[in-house]
Each structure stands twice: as structure tokens, then as C-alpha cells.
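# Secondary and tertiary structure notes
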Amino acid sequence: MSTNSSMTNGRNAFWAFIDGIRDRWASAPVWQRWTVYVALFVIALLLPSDSLGHVMSPYSDWASVLFFPIGTYVVLAIGLNVVVGQAGLLDLGYVAFFAIGGYSMALLGTKLGLNFWEILIAGVLLSALSGIVLGGPTLRLRGDYLAIVTLGFGEIVRQTAENTDAIGGPRGIAGIPHPPSIDGIEVFGVQIFHYGVLDPRPYYYLLVVVATAIIIFVKRWEKSRVGRAWAAIREDEDAAEVMGVPTFKFKLLAFAIGASIGGAMGVVWAGKTISINPNDFLFMLSATILAAVVLGGSGNIPGVILGAFLVAWLPERFRGLSEYRTMVFGAALVALMIFRPEGLLPSRRRKAELAEGTGGMGSMGAEVPGPEAQPAAEGAAK
Amino acid sequence: MGDLSGENSGIVIPPSNGAQLAVDEYNATNPKVKLEMIKYDSKADPTTAVSLAQQAIKQDKVVALVGPAFSGESKQVGPLLEEAKIPSISASATAVALAQNGWKYWHRVVPNDGVQGPAIADFIVGAAAAKKVFVVDDKSEYGKGLGDAVRGQLKTKGATVTDDALDPAATDYSSTVTKIAAAKPDAIFFGGYYAGAGKLIKQLRDKGVTAKFFSADGSLDKGIIDSAGAAQAEGVLIGCPCRIPTAAETDEKVKKFATDYKAKFGADPLIYATEGYDAMTTFTKAIATGATTADAINAAIGKSDFDGITKHIKFDPNGEPSAKSIYMYEVKGGQIGLLGDTTTAKLG
Amino acid sequence: MFDNLLGSFWPYTIDGLILGAIYGLVALGYTMVYGVLRLINFAHSEVFMIGTMASAFVVMTLGITQPLTGFALVGGLLLMVLAGGAASAGSAMLLERIAYRPLRKRGASRLAALISAIGASLFLQELFALVIIPHVFNRPQQGRNQMGVARIMQKDTLFTIGGAQIRVDQVLIFVASIGMMILLDLLVNRTKIGRGIRATSQDPETAVLMGVDIDKIVRVTFLIGGLMAGIAGALFVLQFEVTKFSIGFLLGIKAFTAAVLGGIGNLRGALVGGLFLGLIENYGAAIFGSGWKDVIAFTVLVLVLMFRPTGILGESLQQARA
């Protein structure tokens, strides 16, 4: 299997090195890991510095870019990863939940005058509910049907917003309130709790805190009974069902969790952005986030974060290429999938699954023995 | 700032060129303070526009901004410029709501859709004497807003209004066309951009619907003739708050602008080119008075009172232009020609 | 609300059927590739776009400004269809070679193939917007804008049904699409290569054991799917006389929906699904307004799948024969 041969293959020395680091990491004591976690959190907070900005984003404001697209994509990718990477369900309409969160913030904020924190809770509940409403009737469908149904759902949500004058129609909603500010707390010259218009950094810090909370939650789920059930479902749903795993219930749970993460991000994003309209929630965003998940290594949170970061950051960094950047991005996706179909940093468990079969995502039908690969016969038979 | 490379760049490049021309002319007079124009390509995406505006304010330290070109991005960038106290003049953002935010540093040189829509509606019931009008919009922020403005005014004038919407990205408009054919209107108004307008006109004419077709600034582009076909587009009427130099130009000032523009960019000045020039001229005049800081420039703009190429430039306190003329254009023999001011123009 | 539909029932029906026929032709490509590879060929919408571009290119190079008649018309139409079909079939096979086969050989997951398809789709769109339309077509203004195509045939009314005027071009499009689908059906059900396709879609391993050259079958599948999309592209240009770099996107999604509606993997299902979707869209637009078209289409999709999880005609190429 080509995916396993990376250790011995000289061309793949770099990946072997990465593997070595991951081996060390897997056996590192708890205190060392926590030190690294805390260090990463601090680094995340220090990212929006100007000196870094000149290198990372010479064409547009670095701190703004860090909030959107980079930070936003990262959180969305973590959420979609629960659905796609962990439970193995293909969702092509993830943007719908982001939209529901965004519209919750906009509507509850402007019409009912609730504050940001109240709406955050409401938005999460609403999008989780919409995940259940969508998942209820459709999760019994097989993989690819689910893909088109979710794609349809994403479009239904967007176009309904577009056609409904009561929620602004194509004009969307303007004058969305910001989170309540706490003034006067200054760290290194930044008013870290002042949610105004001009300085994007407070929003970015908020995002980092929300993202950290989400990562902790998702990690705990992954290691719990729920995570094991998801793994069983994505590896072989029928077998899992036979072994007494209530697959439908767990799939629905994955959908709801993914949806609520998307919704939470929608609320945070709308809290900064002043006005939203249906065109902020195009299918392209769903596809981009999915690309981020697969590119990074679906199922593995650090991988997914890396994937989202690259997908968001590269087009901003290379604004210099201007017109050609989307074209280059498209070609890069194809190339990456050809040379590293499992993603940049795949989860080790998924990698093992991939080595045996196809990691639950199903193989393409006509698997043919190639010069370097054995047929993934188990997957092909289905 | 605006969409310099995206789908709607046809509406943004001409004013950007116009502005460039104004800057070059100003610098050619060897003033004390030379100006540098930096372009920001937002692709009409509001979020991108915000990041770019932040870059413009913090890194490039601009003192004034021509743009943003579209209303959607203006809505997002406006508060930012307001807090940074950077004056802006848009040559093409026409949404009504923009002027209602109380922004002090925001201006535009074109009358808004609340002026444009009713003026066209008046023309439809007046000069074109239509009683039954079918209004279609393209579900965009611009198209819907304009469509609603036209619908409202038509109703107050006593015309019967039926309506529908279409998706500009789609190609098959047969359901809309069938609906129009069934309603048998005297006139049709389309609120949206030219790509949608062109396809709609063609499919209407192919179905044998011959009612007069009206549209507005978003459709004022040669592309409308290209996609509809010259035969089908014949007689289409398009309103616009803009003044475009045409081949048969009589106004000396406009003529000179058209010649200079062509010499520099190798193309005829199109939609909002003159407005882009006027917007930039407003800044250069303000700067010529000795104002160099953003605040002083803003104060000077507020006092502007001069004849631009297309109109007298003077701003109301909310940033709206005082001159509110809407012009009507007609497609004839595959060319867009000026018919005149909507209040006075007659149908031939 | 309903009087609109009842008042113009026939026009809505006719337009729906014609649009549906084009959906059906494009849906064939999705359904065949899915049948053989279990892969959603996301870039198929771009294959369709290339078909429209190629036939637009023919009209442009022939320098047509006036509608043609007689033999010139027949020749012009044939050229358009040939160019569209050839360009699309070629690009579909190239796509398979570059973006899918390497993944297949490495046993990559379908998800990876899907991302590769999305990447290829982006690349092709941009390629046309930035390189081909401005430089090859020599229309620098229209890279990202809609491109009008000259009228090649006179669109006269042929006859009327219940107040609906039916034009020559509409009849041509409908007949051509249905004809192509019947031909394809015969090909798959009656020929040796068709048997290979059916065998592979049923059970690839056994097919290999039986001596079926799977690589060849996959190539042929992409070739046929591309050919159909290219013909659909030519017919599309004939009817609407416009094209654009992103024209495939919406149509692709609709065609894929049609394929799933009819029962993905099922050739006749593609036709049934296409026509059904075309009609539903137009009736829905008549009742609720054209703005709701897509919402209605997708809602119907969800409903159909809830009650018939494998689509209207069921899934496999095999069942369709019964």
C-alpha cells in the first residue's frame, strides 16, 4: 500500500520525519503535552502582530485576515471534521449552519435586542436543531445521496433567505450589534475587550477563545464512547449496527454537533461584520471548507487546522498573483490529492483504516491493481 | 476601490480610469502635493473590502478614497472609514440606505436608487404611456432595491404592476417569460445587471413579447446587446444617474474628457467614467485648497461647489449630491445612445 | 397563485420538457461515472461548459452573422454538435487521466477524488476565464462576462399546442436529446462494450476476473458521458445563444439532482429525472414565483428520496433493463 511505504521511500523522507515527531508526541508525558498546548494558545494570541503581518499578508490587513477567512475557516473546518472526518458522513451544505448562526445573530440582535452571549447560546441551539431537522429524515440515506441532499439544503437555506423579505431578502440585515465591550482593559496597547469597528484584534481574541473551547470539547468527544461509535460507523456501518451500536442516533449526534459548531462560528462572525446578506453563504464556501478538511487530513484536528489555515491564507498571501490565484489553488488541490490523498497530516487511526480499506469514505468502484498499490478489494466489493 | 477583476468589473474599471485621469491631470499641473492613486481590488466581496480598507488605512495611510464601487461593500466599509475619519466619494454606489447612516465622511456623486427608480417609473407611465407594467428583479441587493422603488412609484401613479424574480446565474428564464406573456404588459422593467437583462430580453422577444423593455444603470453596458442580440435589443430603454459620453456628443466638456480618456486608455469612456473623474476632481480641488489631512480634505469637500463634467458638484449634509438628474438611454442599431434627461426626454 | 399555472399550462410544460431534456443529457454523464466508479464527478459541469464553448467557437469562426438556411444550416448545426461533443469527450477523458486515475491507482478514498474534482473544476473555470476566452477566443472583455453567440437558425414557430408556440429549435433540441439517449441505451444494452460497462458497475472484481479491461471501460464511460454533455452544450448554445465560464455550475448541480432523482447509476433514470425536474421547476415557478425555482427543486429532491431512497427508477444499470 503506497500510504504505508512512506517510511522506506527516500522521496518521502520529510513525511518520515513528521512521523517520527508524531511518535515522540504520542508517547510524551501529559505535562509536556499541556505545556505545548498552552504555548500554542499563547502563540495564537500573539499572531496578529504587525511585524508578522508584513510577511504573512502584505496586501491586506493581517489582523482582519486572521479573523476572516483564516480563523473562521479553521473553526468551520473543525466543525465539519466532526461530520466528515469523524463520523464519515459527506456534507456538501455545511454553509447552511454557518448561515443559520449568522442570521440568528443578525435577527435576534436587531429585532429582539438580545446581547451577543445570549445569542451565542440561542444560535448554537438553533443550528443544532436545524441539523437534527435535516438529519432526521436524510441520515438513513446512503453516503452519496446524503451529499446531494445536504448540498440542496445549503441552497434551500440561502435562497429562502434571499426570497423572504421579512428577513431582508437579498439586502440581508444591516446594523448587527457587536458583542458588549468592556473598556479600559489594555494589554500591550490593545483594548482587548473593546468590540468596535476599527480594530479587528479583539474579535480575533474572542475567536481564539471560542475555537479553543470547541477544540477541547471535540477532543473529549473523540476519546469517549461517542468517538469510538463514530469510528465504528465510518469503518463499517453495517458491522457497527450488528454489534449493537445505534448508528442512526450517533450519526444524528455528529450532525447536530457539527451544525452547532458552524452555528457558533456564524454568530461570532456576524457579531463583527455589521451586515450580512444571503450571498455570504454560497456553495463555494461549503466546498472550500470541505477541501480544507480533506487537504489537512480528515479526522485529525491539527491536520484540519493546518488545512484550513492554508486554504484561507494562501490566496490572501498571494494576492500578488491576483487573477491567477484561484486557478493555482484548483491545480494545487488536484496535485495534493494525487500525491497525498490522505491529506497533509492524516489521523493515524484513519491512516490505518485507509491502509486496510478506505477509511469509511468508500472507495471508488473500479479499483485496479496499480504498479505500487494493491486493490482495496474490501471497499470495492460494496 | 471596487471589483476590478471580477464579474462586474465592467462597471468599475471605467470610473477607476476616470479617477486616474483626474489624478494625472492634477499632478501635471505641478502642485505642491503630488497625489498617488492606489487601487484596491475587492471583487465586490464586502469582507474582502473590509480587510483592504483596513490595509489602506493602517499601512498605506490613504487620505481619501474613491469608492467603494458597490453598495454592498460600501455598507461594510462605511463605518470603518467613519471611525478612521477618511473621506470617501463613491462614483457608483446607489443604494438609498447608505445616506441614512449619518456618516460624515461619506459622499457620492450619483443620485441614489430612490431617485433613479421613481424617475424611471415616471418615464414609463409618462413618456411611454404604459398602464400595465411587469417588474422583474434579479434578487440582488441592487436589483431588488431598485425594483421595489420602481414598483412603489408605479403604483402611486396608478399603473397596474405584476412582478417576478429571476436568478442572474441561471440561463433558462422561460417561467418568467411565460408569466410576462400571460400578463400582457405595456412595459417591462428589469432591476438587475446586464447579463441577466440580455438573456431575458432575448427570450422575451423569441416568445413574441414585444412590450417596451426598461432597465437601469446596472444594465447600461454594451454586454446587454451582445447577449440579447442587436435585433432583439433594439429599442430597449435604460435609465441611469450617470452621464456617458456618446458618439454624437455636443457638450464641449464631455467631448474633451472623452478624447483625453481615449488617448490614455485606448477605449471609449463607459459607464461612470465621468463620475469617477468628477469624484477624484472633488478631491484634487479640495487638496488644491491646501488641505492635506483627511479631516481638512473632508471639510473642503463639504464646501465643494463647482461644475464637474457631468453636473454641478455640491453635496448635501448627508453626503448625497445636490444635482439629481437621471438620464435615459436607448439602444438603436446595436449602439447605446443618449435620449436625454428623464424629465424632458421624448420617445421617438 | 394557481390560475397562473392553469392559465399558461402548456407553455410551462413545453419549456419544462425542453430544459429537462438538456438536464437529462448532462445527467447521463454523472450517472454513468457514478455507476462505474461510485464517484460524483464534480467537474462534469465544466465538461458541459467546454461543450458550450466549443460550439460557440464554431459559430464565431464560421463568422456567422445571419441565421443560416438549407444545407448551410444543417452543416453548421452538425459542426456545432461535433465540436461540442469532441471537446467535451476529450476533456472528460483528460480529466479522468489526470485527476482521477492516479487516485484510483493509489486506492484513495472517494472523498479525496471529490476534492480533486472540485479542484479540477475551479482550475478549468479559471482557465477559460483568464486564458481561453480572452486569448483564444480573442474576447478580452468577456473573460468573466457572459458571451453572446450569433443566431444560427431562424426561430420560427412550427405549431401551437394549447396556446403554446413551439419553435423549430425547441423541437430540434427535444428530438435530438431523446434520440441520443435512446442510442446510448442501445449501446449499453446491446453491445460488447456496453456489457463491460454493466458488468463493471455491478461487480468490478468479478468483471476483472472475467477479463474485462477496467481501465478501458472507465475511459469509455468518461468518453460517452463527455460526449453527451458536449451535445447538450451545443443544444444549449443553440437555444440560449450565450455562454460563460461559470455556466456549468448551476446546470451541473441541477443535472446531478436529476440523476439522483431518477435513480443514480440508471441511464433511463437520468432521462426521467431530467424531465421530472424540468417540469417541477417550471410548475413551481408558476405557482410560487420564479425566485423559488431552486428551492422547490431541492425540496422535491428531499421528499422523493425520503419515500424512495433509491430514486424514481431505482439504482442499477441492470434494473433499468427489466
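For clarity, every value in this text was computed on a predicted model and none was experimentally measured. Going along each chain's sequence as written, the residues are numbered from 1 onward. Numbering of ligands from 1 and lettering of chains from A proceed in the order in which they are written. For this predicted model, a pLDDT threshold of at least 70 governs which residues receive local features, and a threshold of 80 or more governs which side-chain atom pairs are given and counted, while totals over whole chains, interfaces and linings are taken from all residues.

## Describing the overall build of chain A
Which entries qualify depends on this criterion: Strands here mean DSSP runs of E at least two residues long; helices mean DSSP runs of H or I at least four residues long; both are numbered from the N terminus. In this scheme every C-beta is placed from the backbone, and a residue whose C-beta has 20 or more other C-beta atoms within 10 Å is buried, one with 12 or fewer is exposed, and one in between is partly exposed.
In terms of helices and strands, chain A carries 16 helices and two strands. Buried residues in chain A amount to 53% of all 382 residues.

## Description of the packing of helix H6 (residues 168-190) of chain C against helix H9 (residues 214-240) of chain C
Residues and elements named next belong to chain C. Stated formally: Between N-to-C directions, angles span 0 to 180 degrees; the directions come from axes that are lines fitted to C-alpha atoms, helices contributing only their stretch in contact. Orientation labels follow simple angle bins: below 35 degrees gives roughly parallel, above 145 gives roughly antiparallel, 65 to 115 gives roughly perpendicular, and whatever is left gives oblique. Think of it this way: build a C-beta for each residue from its backbone, and any pair within 7 Å is a contact. In this classification, Asp, Glu, Lys and Arg are treated as charged, Ala, Val, Leu, Ile, Met, Phe, Trp, Tyr, Cys and Pro as nonpolar, and every other residue, Gly included, as polar.
For the pair H6 and H9, interaxial distance at closest approach is 10 Å and the crossing angle is 175°. Classified by the angle their axes make, H6 and H9 are roughly antiparallel. In contact with Asp169, Ile173, Ala176, Ser177, Met180 and Leu184 of H6, H9 contributes Ile224, Met228, Ile231, Leu235, Leu238 and Gln239. For the contact of H6 with H9, the residue count by class is nine nonpolar, two polar and one charged.

## Digging into the interface of chain A and chain B
A common measure of how large an interface is: the accessible area buried when the components associate. With 20 residues of chain A at the contact, the number on the chain B side is 21 residues. The leading source of residues in the side of chain A that touches chain B is helix H4 (residues 62-86) of chain A, at three residues. Split by residue class, the side of chain A that touches chain B holds nine nonpolar, seven polar and four charged.

## Focus: the interface of chain A and chain C
Across the boundary between the two partners, chain A contributes 54 residues, which contact 50 residues of chain C. Elements represented by at least two residues in the side of chain A that touches chain C include exactly helix H6 (116-138), helix H7 (143-163), helix H12 (283-296), helix H14 (325-339) and helix H16 (377-380) of chain A. The greatest single-element share of the side of chain A that touches chain C, amounting to 12 residues, is contributed by H7 of chain A. Residue composition of the side of chain A that touches chain C, grouped by class: 35 nonpolar, 15 polar and four charged.

## Here's the deal with the environment of Met328 of chain B
Residues and elements named next belong to chain B. Within the secondary structure layout, Met328 lies in strand E11 (residues 327-332). Residue classification places Met328 among the buried residues on the basis of 24 C-beta atoms within 10 Å. Considered as a pair, Met328 and Ala149 are 179 residues apart in the sequence and their alpha carbons are 17 Å apart. Discounting chain neighbours no more than four positions away, the residues touching Met328 are Phe123, Leu237, Gly239, Leu339, Gly340, Thr342 and Ala345.

## As for the sheet that holds strand E5 (residues 160-165) of chain B
Residue and element names in this part refer to chain B. This is how the line gets drawn: Pairing between strands is defined by DSSP: at least two bridges between them are needed.
With mixed pairing, the seven strands of this open sheet are ordered in space as E5-E4-E6-E7-E8-E11-E12. On the outer flanks of this sheet lie E5 and strand E12 (335-341), each paired with one strand and no other. The mean angle between the axes of side-by-side strands here comes to 25°, regardless of whether they run parallel or antiparallel. Alignment of strand E4 (residues 132-137) against strand E6 (residues 187-191), held across five bridges, turns out to be parallel. Residue Val133 lies in a different strand from E6, and its bridge partner there is Ala187. Along the sheet, helix H4 (residues 113-125) makes contact with E4, E6, strand E7 (212-215), strand E8 (237-240) and E11, crossing E8 at roughly 145°.

## As for the nonpolar core
As a rule of thumb, soluble globular proteins bury nonpolar side chains together. We count it as follows: Nonpolar cores are built from buried Ala, Val, Leu, Ile, Met, Phe, Trp, Tyr and Cys residues. These are joined into a set through C-beta atoms within 7 Å.
By size, the foremost hydrophobic cluster in this structure holds 221 residues, and its most contacted members are Ala77 of chain A together with Ile115 of chain C. Look past the residues within four positions of Ala77 of chain A in its chain and what remains in contact with it is Ile289, Ala292, Val293, Val304, Gly307 and Ala308 of chain A. The next biggest cluster of nonpolar side chains, apart from the first, holds 112 residues, and it includes Leu81, Ile86, Tyr272 and Ile297 of chain B.

## Looking at the packing of helix H6 (residues 174-183) of chain B against helix H2 (residues 9-37) of chain C
The test is simple: Helix crossings get a hand from a simple test, with the near helix turned counterclockwise from the far one by less than a right angle marking a left-handed crossing and a clockwise turn marking a right-handed one.
At a closest axis distance of 10 Å, the pairing of H6 of chain B and H2 of chain C adopts a crossing angle of 165°. As judged from the angle between their axes, H6 of chain B and H2 of chain C are roughly antiparallel. Our pair here, H6 of chain B against H2 of chain C, has a crossing hand that is right-handed. Note on element contacts: H2 of chain C touches H6 of chain B through Pro11, Tyr12, Asp15 and Leu19 of chain C, opposite Ser174, Ser175 and Thr178 of chain B. Along the lines of polarity and charge, the residues of the contact of H6 of chain B with H2 of chain C split into three nonpolar, three polar and one charged.

## Describing the confidence of the model for chain C
Residues and elements named next belong to chain C. For clarity, the threshold we go by: Predictor confidence is given residue by residue as pLDDT, running from a minimum of 0 to a maximum of 100.
Averaged over every residue, the pLDDT of chain C is 89; residues scoring 70 or more account for 97%. Model confidence for chain C, summarised as mean pLDDT per element, is weakest for helix H1 (residues 2-7) at 80 and strongest for helix H3 (residues 44-61) at 95. Scored below 50 in pLDDT, residues 317-322 makes 17 contacts in the model with residues more than four places away or belonging to other chains. Scored as a whole, the predicted complex attains pTM 0.89, and scored at its interfaces, ipTM 0.89.

## Overview of the pairing of E8 of chain B
Residues and elements named next belong to chain B. By the alternation rule, side chains of E8 split into Leu237 and Gly239 and Ile238 and Cys240, which are all buried. Looking at chain direction, E8 and E11 are connected through four bridges and run antiparallel. What sits directly across from Cys240, in E11, is Tyr327.

## Comments concerning the sheet that holds strand E3 (residues 106-108) of chain B
All names here are of chain B. Here we have three strands laid out as an open sheet, ordered E1-E2-E3, and parallel in their pairing. Bordering the open sheet on either side are strand E1 (65-66) and E3, each of which pairs with just one other strand. Here E1 runs beside strand E2 (residues 88-90); their pairing, made up of two bridges, is parallel. The residue bridging Leu65 from the neighbouring strand is Ser88, located in E2.

## Points about H6 of chain C
All names here are of chain C. Definition in use: Under the convention used throughout, the expected extent of a helix is 1.5 Å for every residue step, that is, one less than its residue count.
Compared with an ideal rise of 1.5 Å per residue, which puts 23 residues at 33 Å, H6 spans 32 Å between its outermost C-alpha atoms and is within 8% of the ideal. Along H6, the residues classified as buried are Asp169, Gln170, Ile173, Ser177, Met180, Met181, Leu184 and Val188. Those residues of H6 that are buried are in contact with H2, strand E3 (164-167), helix H7 (192-202), H9 and helix H11 (267-288).

## Observations regarding unusual backbone geometry
As a rule of thumb, non-glycine residues mostly have phi less than zero, and peptide bonds are mostly trans rather than cis. Geometrically, the link from Phe68 of chain A to Pro69 of chain A is a cis peptide bond, its omega value of 5° lying close to zero. Within the secondary structure layout, Pro69 of chain A lies in helix H4. Unlike most non-glycine residues, Ile274 of chain A shows phi in positive territory, near 70°. Examined against the element boundaries, Ile274 of chain A turns out to sit in the loop between helix H11 (247-273) and H12. Among the residues examined, Ile274 of chain A registers 22 C-beta atoms within 10 Å and is labelled buried. Phi at Lys85 of chain B takes a positive value of approximately 60°, unusual for a residue other than glycine.

## Thoughts on the pairing of E6 of chain B
All names here are of chain B. Most of E6 is tucked away, with five of its five residues classed as buried. Residue alternation in E6 divides its side chains into two sets, Ala187, Phe189 and Gly191 and Ile188 and Phe190, and both sets are buried. Relative to E7, E6 is paired through four bridges, and the arrangement is parallel. What sits directly across from Ile188, in E7, is Phe213.

## Considering H4 of chain B
Residues and elements named next belong to chain B. Its 13 residues place the ends of H4 18 Å apart at the C-alpha level, agreeing with the 18 Å of an ideal helix rising 1.5 Å per residue. For H4, the full list of buried residues reads Asp113, Gly114, Gln116, Gly117, Ala119, Ile120, Ala121, Phe123 and Ile124. Next to the buried residues of H4 lie E4, helix H5 (141-156), E6, E7, E8 and E11.

## Overview of the confidence of the model for chain A
All names here are of chain A. Summing up the model confidence of chain A, the mean pLDDT is 83 and the portion of residues at 70 or higher is 87%. Across chain A, the secondary-structure element scoring lowest on mean pLDDT is H16, at 34, and the one scoring highest is helix H5 (residues 95-112), at 94. Scored below 50 in pLDDT, residues 1-8 makes 17 contacts in the model with residues more than four places away or belonging to other chains.

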